[in-house]
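These are the residues of each chain, in order.
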Amino acid sequence: MRIRATLAAATVSGALALAAFAVPAAQATDGTGLAQAHKLAQQASGHQSGMQARSLTAADSGDPYELNATFSNIEVNSSKSAIVVGTTNTVHVSYSFTFTHGSDADPTADDFVSGIDLYRNTDDGNFLFGDVPATCTAASSTVANCKGSIDINPQEELTNTDAGAHWTGEAFAIAYNGQDPNDPNADWSKVGTAYQDAVSSNALQRYSKLTVNASPEPVKKGGTLTITGALTRANWDTHKYAGYTVQPVKLQFRKSSSSSYPTTYLKTVTSSSTGSLKTTYTATYSGYWRYSFLGTSTTPAVKATGDYVAVQ
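Residues numbered from 1 in each chain as written. Predicted model: local features only at pLDDT ≥ 70, side-chain atom pairs only at ≥ 80, totals over all residues. Heavy atoms only, no water.

**A few points about the confidence of the model for the chain**
What counts is decided by this rule: The score called pLDDT rates the predictor's confidence residue by residue, from a low of 0 to a high of 100. We call two residues contacting when some pair of their heavy atoms lies within 4.5 Å.
The predicted model of the chain has a mean per-residue pLDDT of 86, with 79% of residues at 70 or higher. Overall, residues 5-27 carries pLDDT values under 50, and its contacts beyond four positions in sequence, including any with other chains, amount to 65 contacts. Confidence over residues 49-60 falls short of pLDDT 50; this stretch has 41 contacts with residues more than four positions distant or in other chains.

**Remarks on the sheet that holds strand β5 (residues 91-101)**
Put simply, the rule is: Pairing between two strands requires that DSSP report at least two bridges joining them. In this text, helices come from DSSP runs of H or I with a minimum length of four residues, and strands from runs of E with a minimum of two, each type numbered from the N-terminal end. Between the N-to-C directions of two axes lies an angle of 0 to 180 degrees, each axis being a line fitted to C-alpha atoms and, for a helix, fitted only over the stretch in contact.
Read across the open sheet, the four strands follow the order β3-β5-β9-β8; overall the sheet is antiparallel. Looking at the sheet topology across the chains shown, the edges are occupied by β3 (69-76) and β8 (135-138). Taken pair by pair, the neighbouring strands of this sheet meet at an average axis angle of 20°, ignoring direction. With 10 bridges connecting them, β5 and strand β9 (residues 143-152) associate as antiparallel partners. Bridging from a neighbouring strand, valine 93 pairs with isoleucine 150 of β9.

**Here we look at the pairing of strand β13 (residues 224-235)**
Bridging between strand β12 (residues 208-215) and β13 involves eight bridges; their strand directions are antiparallel. The partner of lysine 209 across the bridge, within β13, is threonine 232. Note: β13 against strand β17 (residues 276-282), seven bridges, orientation antiparallel. Of the residues in β17, the one forming a bridge with threonine 226 is threonine 280. Across four bridges, the pairing between β13 and strand β14 (residues 240-243) is antiparallel. Looking across to β14, one finds that alanine 234 is bridged to tyrosine 241. In this structure, the hairpin formed by β13 and β14 is closed by a connection of four residues, where histidine 239 is found at a positive phi of approximately 60°.

**Comments concerning the nonpolar core**
In plain terms, the rule: Definition of nonpolar core: a set of buried residues of the types Ala, Val, Leu, Ile, Met, Phe, Trp, Tyr and Cys, connected through side-chain atoms within 4.5 Å. Using a 1.4 Å probe on the protein chains alone, a residue whose accessible area is under 20% of its type maximum counts as buried, one over 50% counts as exposed, and one in between counts as partly exposed.
The biggest cluster of nonpolar side chains holds 34 residues, and the ones touching the most others in it are Ile83, Phe97, Phe99, Ile116, Ile150, Ile152 and Leu204. Contributions of two or more residues to this core are made by β3, β4 (82-85), β5, β6 (112-120), β9, β10 (166-175) and β11 (192-206). No other element matches β5, which puts five residues into this core. Leaving out residues up to four positions away in the same chain, phenylalanine 99 has contacts with Leu67, Ala69, Thr70, Phe71, Pro107, Phe112, Thr142, Val143, Ala144, Cys146, Ala173 and Ala194. In this structure, Leu231, Trp289, Tyr291 and Ala304 belong to the second largest nonpolar core, which totals 21 residues.

**A word on the pattern of salt bridges**
Selection rule: One side-chain nitrogen of Lys or Arg within 4 Å of one carboxyl oxygen of Asp or Glu is enough to make a salt bridge.
With the rule as written, the count across this model stands at one salt bridge. As a salt-bridge pair, aspartate 162 and arginine 120 come within 2.7 Å of each other at their nearest N and O atoms. With aspartate 162 in the loop between α3 (154-157) and β10 and arginine 120 in strand β6, the pair connects residues that are 42 residues apart, well separated along the chain. Arginine 120 matches aspartate 162 in its accessibility class, with the two residues each being buried.

Now the structure itself:
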């Protein structure tokens, strides 16, 4: 789920500020509730990742305290930087961490909320969250292993400008300890928070596709093959695939007697204004022809499935 800058539009203070950015786990079953819990932890720590500052002063009911806790063994997206997203399917970016804590926190409690989100450094107030909090399992009385996912729906949450941008991961945890943030008499001094910034560095990429067709099939030895194809990628504005234009694409060939393509390329072909590819080459051996795109910061590398042509 994505939370945009509108979440950070207003400055609030007092106990209402805490209630606005905190819900117990039983109520944090959607991304908005998770985002609210995250903001409480983030701002109680004094950190602002591009969001407008809010007062967390609650003179009548105390301030949240910092948990005696640490995050470690953090892994986001299997430690891969690039997160590749198409046009339709929700991408579930897995994460896991170890939460080491004191007696003031029970990560398995119903009113304990934790997770990892991504925020975009170049765009104030843009965050990507999971739809539900992390699930934590106690490994000992002071250690819990937690895991979850950041859920990205390209139909609702992405635009093309998000591709290639630097996204930073941050971990958070809230122990409500029986306090209900909707209760005006809640004692906020009993609510514990933990926060850690820069736990990962990621980039979103637009899923790419590449096709190839070599003809005629079969071809006479020494004859000319015409190799066509298309390079397309996800368009997050239209939710369709469109040609990736004016991009260098490599032509490769492997003999039918070989199990791998050579590391050298036959030639470079530039995609057209519609993403189409076309070139010619002299046929000498039977084998497989394919195009290979090496990728850019916004679009991952992709290889076409080889097209077999017999030489007679």
